Amino acid sequence: MRLFESLLSDGTAAALIGGRWQKGTNSFPVTNPATGEILAQVADLGEQEAREAVTAAQAAWSEWKALPAKRRAVILRAWFELIHEHTEALAELMTLEQGKPLAESRGEVAYGASFIEFFAEEAKRMSGETLPTHASDKRLLVLREPVGVVAAITPWNFPMAMITRKCAPAIAAGCTVVIKPAEATPLTALALAKLANEAGMPEGVINVVTASTPDAVGKVLTTDPRVRKVSFTGSTPVGKKLLAQCAGTVKKVSMELGGNAPFIVFDDADLDAAVAGAIASKFRNAGQTCVCTNRFLVQEGIYDAFVEALAEKAKALLVGDGRKPGTQIGPLINQAAVGKVQCHVDDAVAKGGRLLCGGHLHELGHSFYAPTVIAGATLEMRVASEETFGPLAPVFCFKEDEDAIAMANDTPFGLAAYFYTQDYRRIWRVMEGLEYGMVGVNEGLISTEVAPFVGIKESGLGCEGSRHGLEDFTELKYVCVGGL
Ligand code: NAP
């Protein structure tokens, strides 16, 4: 835990602005969701510090973008190596402030670091184009240039990966960044920034502004004309608000928003594989990921066998403090999250849902919720249309393939969808019919740095990860050289 302790002076963690660690005059507590214990105080900054961070990022930009891509790649690679070296300390810190089991935190450190490694390599391939000319005395070029100062506003459910998925491509492209981490998980963000400093990242390239109330900082990041791009991951309502705020200065935006992921199981599916995929996709991070299954749609011929097997496996999941070896489900992030899950459960049961397991706080109490499976789910239930963001698996029944596709698409969201079948014709039909940015076919875990992470409809704008994720932090400049 030396990394964690190194962030603190007198029990308070400072934010990073222009290479200087700043505490400001106020602080807010960060708590362990498993115990309620206060882990640390963190600098509570506002409008003024947000402007200072933008000034620092703007000042650092001209030198940073002028560096050869290879040099930027070397610094990113050094950051990646340091994160790997500190895997255990980062994972422990993440479990402490976010609650996920240590094994998942270690997985997130590897996943988060993979974006830095990948984009360090991609930085060297950020090529432009030459075009066939339309006149013999002219030559036409297309340059790809970094967009400028980027604001990265990130959620608590992936305290590290949502930061690196934005910052690694931005920095690789030659941008500088101001990060506004979630109030619940700022320590991982500060630890990452500290390691970036040690890796030789120049002052002002990465700035972190921590705050207990996001509005003032958010207002600066979305309205200051020096910020050229806002990359946001979080809920759809907040995303819409920030999008509107960005309109005044016509910023580029990337929005990675909420989902309502369907998981379809057809009669011919491999039952064991479908149940294993269902557990992985539903209960990872206690159901608190944007690509977690929200609704299981199961064909009538396999319905009973699937719900029985799913409930059996869900019941067996080990709930506990994420630091305890063997824990598979940690606490929910806070009491509001517990309240939302309970609300969805009560609503489903009141509307005729059959509780097969869970449906209440786990015996550990506090913010631990028992993994829950509800059979007989119907479209009138809130869980049919709202993201639960917790360990609740409602199982709907359908007859025909077309019914499943229609039910799956009957939502304003379009992030991740999953389905299980062994029929290759059905695979193509269903995959093409689903209005989603990402589809898992006979697979419940799909995220990787090499593939685009995209949401369509109200789940988002733009793309993260893959080579397309780098392009999102660049602008094209067309140059016509005449008089030749
Ligand atoms: P959230 O409430 O929307 O918050 C996300 C971030 O925005 C936090 O840093 C939050 O700060 C900040 N924020 C809130 N209001 C703001 C404002 N007015 N101005 C500037 N910043 C503001 O979402 P969350 O509860 O942290 O995360 C869960 C949601 O994220 C779910 O809907 C999930 O599906 C979605 N998500 C999407 C993806 C994806 O890639 N599509 C990935 C992960 C999560 P505070 O923490 O201080 O409130």
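What counts, and at which threshold
- Residues numbered from 1 in each chain as written.
- Predicted model: local features only at pLDDT ≥ 70, side-chain atom pairs only at ≥ 80, totals over all residues.
- Heavy atoms only, no water.
- Pairing = 2+ DSSP bridges.
- Helix = DSSP H or I, 4+ residues; strand = E, 2+ residues; numbered from the N terminus.
- Axes fitted to C-alpha atoms, helices over the stretch in contact; angles between N-to-C directions.
- Buried < 20%, exposed > 50% of the residue type's maximum accessible area, 1.4 Å probe, protein only.
- Salt bridge = Lys/Arg side-chain N within 4 Å of Asp/Glu carboxyl O.

### Remarks on the sheet that holds strand E7 (residues 129–131)
What links the strands of a sheet is backbone hydrogen bonding, and the strands pair in either a parallel or an antiparallel sense. With respect to topology, three strands assemble into an open sheet ordered E7-E8-E26, the strand pairing being antiparallel. On the outer flanks of this sheet lie E7 and strand E26 (474–481), each paired with one strand and no other. The sheet shows a mean angle of 25° between the axes of neighbouring strands, taken without regard to direction. Pairing between strand E8 (residues 139–146) and E26: eight bridges, direction antiparallel. Bridge pairing in E26 links Leu140 to Cys480.

### Some thoughts on unusual backbone geometry
With a phi angle near 55°, Asn442 is a residue other than glycine that sits in the positive phi range. Within the fold, Asn442 resides in the loop between strand E21 (438–441) and strand E22 (453–454). Although it is not a glycine, Ser466 sits at a positive phi angle of roughly 65°. Its location among the elements puts Ser466 in helix H15 (residues 466–471). Residue class for Ser466 comes out buried when judged on its relative accessible area of 2%.

### Details of the pattern of salt bridges
Scanning all chains against the criterion turns up 24 salt bridges. Lys240 serves as the salt-bridge partner of Glu458, at 2.8 Å between the closest nitrogen and oxygen. With Glu458 in the loop between strand E23 (456–457) and strand E24 (460–461) and Lys240 in helix H9 (residues 236–247), this pair connects stretches of sequence that are 218 residues apart. Lys240 gets classed as partly exposed once you look at its relative accessible area, which sits at 44%. For Arg426, the salt bridge is made with Asp401, and the minimal N-O distance between the two is 2.8 Å. Separated by 25 residues along the polypeptide, Arg426 in helix H14 (residues 424–433) and Asp401 in helix H13 (residues 401–409) bring together distant segments of the chain. One exposure class covers both Arg426 and Asp401, and it is buried.

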